[in-house]
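These are the residues of each chain, in order.
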Amino acid sequence: MEQTMRKVSLLDLTAQYEDIKPEIKQAVDNVLESGNYIMGPFVKNFEQAMAEYCGTKYAIGVANGTDALLLTLDALGVGAGDEVITTPFTFFASAEVISQLGATPVFVDIDPSTYNMDPAKLEAAITPRTKAIMPVHIFGQPVDMDEILEIANKHNVSVVEDACQAIGSKYKGQRIGSLGTAGCFSFFPTKNLGGYGDGGIVVTNDEELARKIQILRVHGSNPKYYHSVIGYNSRLDALQAAMLQVKLKYIDQWNQQRRDKAAIYTEALKDLSITLPRVKENREAVFHLYIIQTKYRDELMDYLKEHGIASGVYYPVPLHKQEVYSNLGYEAGSLAESEKASLGTMALPLYPELSMDDQEYVISVVREFFEAKGERV
């Protein structure tokens, strides 16, 4: 049936702002009127709120999610000659920070049902040089943490949770980010809890690790002008902290709206020949993205575009196949599940404010595409 074309964005940040505009404006005014723009009470209050939300003792605000990972690995002593195990099916920053410290990223293939690191393939990647394991809760789907933590404890290595896409998700009732040695979050505007600029935070129960990150973020100084280590200029702005504290009140509501809309997609598309997201038992995902997989990805994306619907590819090139990592020696097919996923995965529009009408339109166009191909299960 011919559809009346409309425009549907992959994500609409302005819709969320309209809902909370008065609170955001008040938070900005509070900061500007206080004169406390760098560190100070607004950052401290937000750090306390984040620690409480995640169920950790400490939270340390930093400039962005990449720095959250970088400073955490640095504070753990990762450096030249070390290896850090992570996944190749993620945003580049997950491996980039390892390389920036002079260490080597070691990639473990994914579980195709969740796109997360496959714990069954993890132990074979551990060597005497392994300093940390960095699982990524990709697309807001919790990793199999029990298995990863068991292997890490057996080999006495740290676990740094890359939770940049997963704020609010749960694994067996515990907030993601609180299970490993530390958890790292991004407040990039497109994240489930997004700022109005860059921002990040590290949460941990390790007092010494928290202290080291606090020192590293201010040029390695403690107290001011006294430098014990080479550090970074990586502070969460007071303006961002104040606005994020407003948004933190709504994150569980927004995440539930994402889950509800994801469930609508899954029910409506389950009879088509598409691989749909799977959430394992005792997990609570937050659907940073609603990822489907199909052999017709490029065709489907073109068809959606023709009908005014935005979509996106996450991720077109797995990290072990990036040019910058060609020296690591991974052969084509060596991480087969990640390579397969990179060829077939795509995101459909999903955000809390997505209207029922717009979602039904997306569903009808997707169905129209597959039914024209006779692709139903």
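Residues numbered from 1 in each chain as written. Predicted model: local features only at pLDDT ≥ 70, side-chain atom pairs only at ≥ 80, totals over all residues. Heavy atoms only, no water.

The condition is simple: UniProt positions are given in the numbering used here, feature names are shortened, and annotations may be inferred rather than shown by experiment.
Under the annotation held in an unreviewed UniProt entry, the chain carries the name Pleiotropic regulatory protein DegT and is attributed to Aneurinibacillus aneurinilyticus ATCC 12856. What the UniProt record of the chain gives under Sequence similarities (unreviewed entry) is the line "Belongs to the DegT/DnrJ/EryC1 family."

### Focus: the domain arrangement of the chain
Let me state the cut-off plainly: Domain extents, as shown, originate in an automatic or database domain assignment. Throughout, a contact is declared for two residues whenever any of their heavy atoms are within 4.5 Å. Defined in terms of a 1.4 Å probe, buried area is the accessible area two parts forfeit on being brought together, summed over both.
Domain boundaries in the chain define domain 1 (13–245) and domain 2 (251–373). Inter-centroid distance (C-alpha atoms) of domain 1 to domain 2 is 24 Å. Taken together, the contact between domain 1 and domain 2 spans 47 residues of the former and 37 residues of the latter. Roughly 3600 Å² of surface becomes buried between domain 1 and domain 2 when both sides are summed, with 58% attributable to carbon and sulfur atoms. When the buried surface of domain 1 facing domain 2 is broken down by residue, F107, F139 and N192 rank first, second and third, together holding 19% of it.

### Structural notes on the layout of surface pockets
The method is simple in principle: a probe with the dimensions of a water molecule rolls over the atoms, and the space it marks as empty is what remains. Our working definition: Buried and open spaces are told apart on a 1 Å grid over the protein atoms alone, a cavity being a set of points where a 1.4 Å probe fits but cannot get out and a pocket being an open set with protein on both sides within 12 Å along at least five of seven lines. Residues with an atom within 4 Å of a point are the lining residues. Grid points are joined across faces, edges and corners, and a volume is the space filled by probe spheres set on the points. The secondary structure listing takes helices from DSSP runs of H or I that are at least 4 residues long and strands from runs of E that are at least 2 residues long, numbered from the N terminus. Just so you know the grouping, Ala, Val, Leu, Ile, Met, Phe, Trp, Tyr, Cys and Pro go in nonpolar, Asp, Glu, Lys and Arg go in charged, and all remaining residues, Gly too, go in polar.
Space inside the largest pocket adds up to approximately 560 Å³. If you go around the largest pocket, you meet 29 residues; those closest to its centre are F91, Q165, F188, T190 and K191. Secondary-structure elements contributing two or more residues to the lining of the largest pocket are α3 (65–75) and α4 (93–100). The biggest single contributor to the lining of the largest pocket is α3, with three residues. A per-class count over the lining of the largest pocket returns 15 nonpolar, ten polar and four charged.

### Description of helix α11 (residues 356–372)
Heads up, the rule is: Each residue after the first adds 1.5 Å to the expected span of a helix. Exposed residues in this analysis have more than 50% of their type's maximum accessible area, buried residues have under 20%, and partly exposed residues fall in between, with area computed by a 1.4 Å probe over protein chains only.
The terminal C-alpha atoms of α11, which comprises 17 residues, lie 24 Å apart, in line with the 24 Å expected from a rise of 1.5 Å per residue. By the burial criterion, the buried members of α11 are D358, Q359, Y361, V362, I363, S364, V365, V366, R367, E368, F369 and F370. Contacts from the buried residues of α11 go to α8 (251–269), α9 (297–306) and β12 (345–348).

### Concerning helix α1 (residues 13–34)
For clarity, the cut-off: Axes are fitted to the seven residues ending at a residue and to the seven starting at it; the angle between these axes is taken as the bend at that residue.
Compared with the 32 Å implied by 1.5 Å per residue over 22 residues, the 27 Å span of α1 between its first and last C-alpha is markedly short. At I20, α1 is deflected by roughly 75°, the largest bend along its length, and proline P22 occurs up to four residues later in sequence. For α1, the set of buried residues is Q16, I20, I24, A27 and V31. Residues of α1 that are buried in the fold lie against α2 (40–54), α7 (238–248) and α8.

### Details of the UniProt feature "modified residue: N6-(pyridoxal phosphate)lysine" (unreviewed entry) in the chain
Residues given the UniProt feature "modified residue: N6-(pyridoxal phosphate)lysine" (unreviewed entry) here are K191. Note on placement: K191 falls in the loop between β8 (182–186) and β9 (200–204). Take K191: its relative accessible area is 16%, and that puts it in the buried class. Excluding residues within four positions of it along the chain, K191 makes contact with C164, Q165, S186 and H288.

### Observations concerning the pairing of strand β3 (residues 104–107)
Applicable threshold: In this analysis, strands are considered paired if DSSP registers two or more bridges between them. When the strands point away from the viewer, a crossover counts as right-handed if the route from the first strand across the helix to the second turns clockwise.
Relative to β3, strand β2 (residues 83–86) runs parallel, the two sharing four bridges. Bridge pairing in β3 links I85 to V106. Handedness of the β2-α4-β3 crossover: right-handed.

### Examining empty space enclosed by the protein
Counted according to the given criterion, the structure contains two cavities of 30 Å³ or more. If you go around the largest cavity, you meet 14 residues; those closest to its centre are L11, L13, Q16, K191 and R258. In terms of residue class, the lining of the largest cavity is made up of five nonpolar, four polar and five charged. Domain assignment of the residues forming the lining of the largest cavity places at least three in each of domain 1 (13–245) and domain 2 (251–373). In this model, the second largest cavity occupies a volume close to 50 Å³. Along the walls of the second largest cavity sit S113, T114, Y115, F139, Q141, P277, R278, F287, L289 and I291, which together make up its complete lining. Class assignment of the residues belonging to the lining of the second largest cavity gives a composition of six nonpolar, three polar and one charged.

### Topic: the pairing of strand β4 (residues 130–133)
Note that β2 and β4 share three bridges and pair parallel. Opposite E83, over in β4, you have T130 as the bridge partner. One crossover worth recording links β4 to the parallel strand β5 (residues 158–162) by way of helix α5 (residues 145–155), and it is right-handed.

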